[in-house]
Amino acid sequence: QVQLVESGGGLVQAGGSLRLSCAGSGSIFSIFAMGWYRQAPGKQRELVATITKGGSTNYKDSVKGRFTISLENYKNTVYLQMNSLKPEDTAVYYCNLVVGVAFHTYWGQGTQVTVSS
């Protein structure tokens, strides 16, 4: 059983910062990648940032230069440092974990990020 527990969401003014954390537990034997996705009301879930076990990163264009993803392999924990937040960053942010050669995928329960103008 694999569990992902997110923390760090909240309410912040435009221009502010938040740091999201996601800790994985359970039968995690081989991380392929971890990442963050978000879903705003009435919109589809979209990729925000991903990072592989080897450290390769991928970002949504609109967050490049503002968000930074990092991974602590030995703790099965992924972080998302979000700076210069904008109201359009408001969404529920979900942690994602891909493991093993079969690329099994797991999701966290989501954490709300609200950016006020």
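These figures come from a predicted structure and were not determined experimentally.

Chemist: Just checking my understanding: could you explain the packing of aromatic side chains for this structure?
Modeler: Aromatic rings considered in pairs are described by the distance between their centres and by the relative angle of their planes. Tallied over the entire structure, the rule returns two aromatic pairs. Ring centres of F32 and F103 lie 4.8 Å apart, and the angle between their planes is 70 degrees; on these two criteria the pair is classed as edge-to-face. Of the two residues, F32 sits in strand β4 (residues 31-39) while F103 sits in the loop between β9 (91-99) and β10 (104-107), which places them 71 residues apart along the sequence. A residue is classified by how much of its surface remains accessible, and F32, at 41% relative accessible area, is partly exposed. Exposure remark for F103: the relative accessible area of 44% places this residue in the partly exposed category. Consider the rings of Y37 and W107, whose centres lie 5.0 Å apart with planes at 70 degrees: the pair is edge-to-face. With Y37 in strand β4 and W107 in strand β10, this pair connects stretches of sequence that are 70 residues apart.

Chemist: Before we go on, may I ask you to explain the pattern of salt bridges in this structure?
Modeler: Pairing is possible between side chains that carry opposite charge, provided their charged atoms lie close to one another. Taken as a whole, this structure holds six salt bridges when the rule is applied. Ionic pairing is found between R38 and E46, a salt bridge with its closest N-O pair at 2.8 Å. Looking at R38, the relative accessible area reads 5%, which means it is buried. Here K60 and E46 are joined by a salt bridge, their closest N and O atoms 3.2 Å apart.

Chemist: Can you walk me through the environment of G100 in this structure?
Modeler: Structurally, G100 is set in the loop between β9 and β10. Classification of G100 by relative accessible area gives partly exposed; the value is 26%. The sequence separation of G100 and G10 amounts to 90 residues, and the corresponding C-alpha distance is 32 Å.

Chemist: Could you clarify how one ought to interpret the side chain of D89 in this entry?
Modeler: You can see D89 is positioned in the loop between β8 (77-82) and β9. Among the residues examined, D89 registers a relative accessible area of 1% and is labelled buried. Excluding residues within four positions of it along the chain, D89 makes contact with R38, R66, F67, S84, V113 and V115.

The rules behind each value
- Residues numbered from 1 in each chain as written.
- Predicted model: local features only at pLDDT ≥ 70, side-chain atom pairs only at ≥ 80, totals over all residues.
- Heavy atoms only, no water.
- Phe/Tyr/Trp six-rings, centres within 6.5 Å; stacked < 30°, edge-to-face > 60°.
- Helix = DSSP H or I, 4+ residues; strand = E, 2+ residues; numbered from the N terminus.
- Buried < 20%, exposed > 50% of the residue type's maximum accessible area, 1.4 Å probe, protein only.
- Salt bridge = Lys/Arg side-chain N within 4 Å of Asp/Glu carboxyl O.
- Contact = heavy atoms within 4.5 Å.

Without other data, these values stay purely geometric and don't point to any function.
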